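# Geometric and topological summary
The lines below spell out each chain.
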Amino acid sequence: MTAELILDARNATGESPVWSIAEQALYWVDIPAKRLHRWSPADGKEHSWQASQMLACIAQTGHGSWIAAMENGLFAITPHADGSLDSRLLASVTHALPGMRFNDGRCDRQGRFWAGTMVMDMAAGAPVGAMYRYTAGQTEPLKAQLQGLIVPNGLAFSPDGKTLYLSDSHPDVQKIWAFDYDTDTGTPQNRRLFVDMGEHPGRPDGAAVDAEGCYWICGNDAGLIHRFTPQGKLDRSLTVPVKKPAMCAFGGADLDTLFVTSIRPAGDLADQPLAGGVFALRPGVKGLPEPLLNN
Ligand SMILES: O=C1O[C@H](CS(=O)(=O)O)[C@@H](O)[C@H](O)[C@H]1O
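Throughout, a residue's number is its position along its own chain's written sequence, starting from 1. Reporting of local features is limited, given that this is a predicted model, to residues whose pLDDT is at least 70; pairs of side-chain atoms are given and counted only at 80 or more, and all residues count toward the totals for whole chains, interfaces and linings. Only heavy atoms go into the side-chain values, all of them from the structure, while hydrogens and water stay out.

- Per an unreviewed UniProt entry, the chain is named SMP-30/gluconolactonase/LRE family protein, and its organism is Pseudomonas fragi.
- UniProt positions are given in the numbering used here, feature names are shortened, and annotations may be inferred rather than shown by experiment. UniProt lists a comment for the chain under the heading Sequence similarities (unreviewed entry), and it reads "Belongs to the SMP-30/CGR1 family."

See the structure below:
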């Protein structure tokens, strides 16, 4: 299967693709560039907005607004047609160390927003990252729900919402875990190893669950998107023409397109000139609508 380049975006770190059913458009972020992007297949046009902090992951809140996990908290952001971006702090975070930011995140099937934090200097390997949960209207400060992570990533929920998947991308970890997820309280428990990515090519990065309950995860550094069954068995791997696919999301009119964002590292890119691009694959399986923040 050939991956189609939909946008030669040259993102430094393209992450958090989210398909908006209401707009029939793909949104995503470039973390270090502090930019929100939108691309519409109807006209092939791309728009982008500048934020004041790095935005790491986004989820829709409805009415054209988003929740974004940024450097020092969660914000409500609204991109406008004139290119301006409004932002309003929803909840601040107290990081374990200076120099941390949010990373991967999304809403659970009930519409609670989850996002993890990491040290910006990944090489430091500090296991001080944590997962935070935010419920619309929450006034209490964010509280760490899971701790001891270096680069939390790959957050996704099973179709029934009762399994939470989470990975750690750091080279010293490279594991994906599954948790039983209490959908009433939003509590993950019974953590167990789902996939040891040390046994597969690529470090685990962003992920998506399809309508059959299989878990798709970007194999960063290997140019692969792996599909694992709910039992953690490798079903297939698709290739993209870049080494560092970062996150995938189902979208398109029938939710049958797998969009993939990627990373454009510094240095010689002769062997991957499209690094940082956004790609589309037709994997022959559909995704699920991405939940909105429950508000
Ligand atoms: O900044 C990030 O970096 C890593 C990818 S990489 O190590 O730079 O290749 C990624 O896993 C993470 O999600 C991202 O935010």
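### Quick notes on the sheet that holds strand 5 (residues 46-50)
- In this analysis, strands are considered paired if DSSP registers two or more bridges between them. For helices the rule is a DSSP run of H or I covering at least 4 residues; for strands it is a run of E covering at least 2, with both sets numbered from the N terminus onward. Spatial strand order, 2-3-4-5: 4 strands in an open sheet with antiparallel pairing. Each of the sheet's edge strands pairs with one partner strand only, and the pair in question is strand 2 (14-20) and strand 5. Pairs of neighbouring strands in the sheet enclose a mean axial angle of 20 degrees, with direction left out of account. Each axis is a line fitted through C-alpha atoms, and for a helix only the stretch in contact is used; angles between axes span 0 to 180 degrees, taken between their N-to-C directions.

### Let's talk about the nonpolar core
- Only buried residues count toward a nonpolar core, which is a set of Ala, Val, Leu, Ile, Met, Phe, Trp, Tyr and Cys residues joined through side-chain atoms within 4.5 Å. Residue exposure (1.4 Å probe, protein chains only): buried if accessible area is under 20% of the type maximum, exposed if over 50%, otherwise partly exposed. Counting residues in each nonpolar core, the largest one holds 34 residues, and the members touching the most others are I77, F102 and F113.
- Element by element, the count of residues in this core is highest for strand 7 (residues 65-69), at 4 residues.
- Residues count as neighbours in contact if any of their non-hydrogen atoms are within 4.5 Å of one another. In this structure, F102 is in contact with A56, A69, M70, E71, G73, L74, V93, A115, G116, T117, Y132 and L142, ignoring residues within four places of it in sequence.
- Of all hydrophobic cores here, the second largest spans 17 residues; its members include W216, V240, L269 and F279.

### Some words on the pairing of strand 9 (residues 85-92)
- Pairing geometry for strand 8 (residues 73-79) and strand 9, over 7 bridges, is antiparallel. Following the sheet pairing, F75 is matched in strand 9 by L89.
- Between strand 8 and strand 9, which pair antiparallel in sequence order, lie 5 residues; one of them, G83, sits at a positive phi of approximately 95 degrees.

### Examining the pairing of strand 15 (residues 163-168)
- Strand 15 sits mainly inside the fold: 6 of its 6 residues count as buried.
- Side-chain alternation along strand 15 places T163, Y165 and S167 on one buried face and L164, L166 and D168 on a second face that is also buried.
- Inspection of the sheet shows strand 14 (residues 152-157) paired to strand 15 by 4 bridges, in the antiparallel sense. If you follow A156 over to strand 15, its bridge partner there is Y165.
- Linking strand 15 to strand 16 (residues 175-182), which pair antiparallel, is a turn of 6 residues; within it Q174 sits at a positive phi near 55 degrees.

### Considering the site of the ligand
- As a structural note, the neighbourhood of the ligand is formed by 13 residues, with R101, N103, N153, D205 and K244 the closest of them.
- What qualifies as a polar contact is a pair of N or O atoms within 3.5 Å, subject to a donor-acceptor requirement within protein and to the restriction that residues adjacent in sequence count only when both atoms come from side chains. Within the side chain of E15, one N or O atom sits 2.9 Å away from an oxygen atom of the ligand.
- K244 is positioned with one of its side-chain polar atoms (N or O) 2.7 Å from an oxygen atom of the ligand.
- The accessible surface values rely on the Shrake-Rupley method and a 1.4 Å probe; as for residues, cover is taken only from the protein chains in view. When isolated, the ligand has an accessible area of 360 Å², and the protein chains bury 86% of it.
- Definitions used throughout: a 1 Å grid over protein atoms alone; a cavity as a set of points that fits a 1.4 Å probe which cannot get out; a pocket as an open set with protein on both sides within 12 Å along at least five of seven lines; a lining residue as one with an atom within 4 Å of a point. More than half of a molecule's atoms within 2 Å of the grid points is what it takes for that molecule to sit in a cavity or pocket. Judged by the proximity of its atoms to the pocket grid, the ligand belongs to the largest pocket.
- Where the shell around the ligand is concerned, the elements lending two or more residues are strand 10 (100-107) and strand 18 (203-209).
- The residue inventory of the shell around the ligand, partitioned by class, reads 3 nonpolar, 5 polar and 5 charged. Put simply, a residue is near a molecule or strand once any heavy atom of it comes within 4 Å of that molecule or strand. Residues are grouped as follows: nonpolar covers Ala, Val, Leu, Ile, Met, Phe, Trp, Tyr, Cys and Pro; charged covers Asp, Glu, Lys and Arg; every other residue, Gly included, is treated as polar.

### Topic: empty space enclosed by the protein
- Grid points are joined across faces, edges and corners, and a volume is the space filled by probe spheres set on the points. Taken as a whole and judged by the stated rule, the model has 1 cavity of 30 Å³ or more.
- The calculated volume of the largest cavity comes to roughly 170 Å³.
- Forming the boundary of the largest cavity are 17 residues, of which R106, A208, V209, L288 and E290 lie nearest the centre.
- Mapped by element, the contributors of at least two residues to the lining of the largest cavity are strand 2, strand 10, strand 14, strand 18 and strand 22 (245-251).
- It is strand 2 that contributes the most residues to the lining of the largest cavity, 3 residues altogether.
- Class assignment for the residues of the lining of the largest cavity results in 13 nonpolar, 1 polar and 3 charged.

### Describing the UniProt feature "domain: SMP-30/Gluconolactonase/LRE-like region" (unreviewed entry) in the chain
- Residues given the UniProt feature "domain: SMP-30/Gluconolactonase/LRE-like region" (unreviewed entry) here are residues 14-263.
- Summarising residues 14-263: 0% helix, 57% strand, and an end-to-end C-alpha distance of 6 Å.

### Structural notes on the confidence of the model for the chain
- Residues with a pLDDT of 70 or more make up 100% of the chain, whose mean pLDDT is 97.
- Both confidence scores are given for the complex: pTM 0.98, ipTM 0.96. Per-residue confidence from the predictor is reported as pLDDT, a score between 0 and 100.

### So, the packing of aromatic side chains
- In summary, the pairing rule links any two rings of Phe, Tyr or Trp, Trp by its six-membered ring, whose centres are within 6.5 Å, and it sorts them by plane angle into stacked for under 30 degrees, edge-to-face for over 60 and tilted for everything else. Throughout the structure, instances matching the rule amount to 12 aromatic pairs.
- The interplanar angle of 15 degrees and the centroid separation of 5.7 Å between the aromatic rings of W19 and F259 together place this pair among those described as stacked. With W19 in strand 2 and F259 in strand 23 (residues 257-262), this residue pair connects regions lying 240 residues apart in the sequence.
- The class for F259 is buried, based on a relative accessible area of 3%.

### Section: the side chain of R112
- Relative to the elements of secondary structure, R112 occurs in the loop between strand 10 and strand 11 (113-119).
- The buried category is assigned to R112, whose relative accessible area is 10%.
- Here the side chain of R112 touches T183 through a polar contact of 2.7 Å, landing on its backbone oxygen.
- Only 2.9 Å separates the side chain of R112 from the backbone oxygen of D184, close enough to count as a polar contact.

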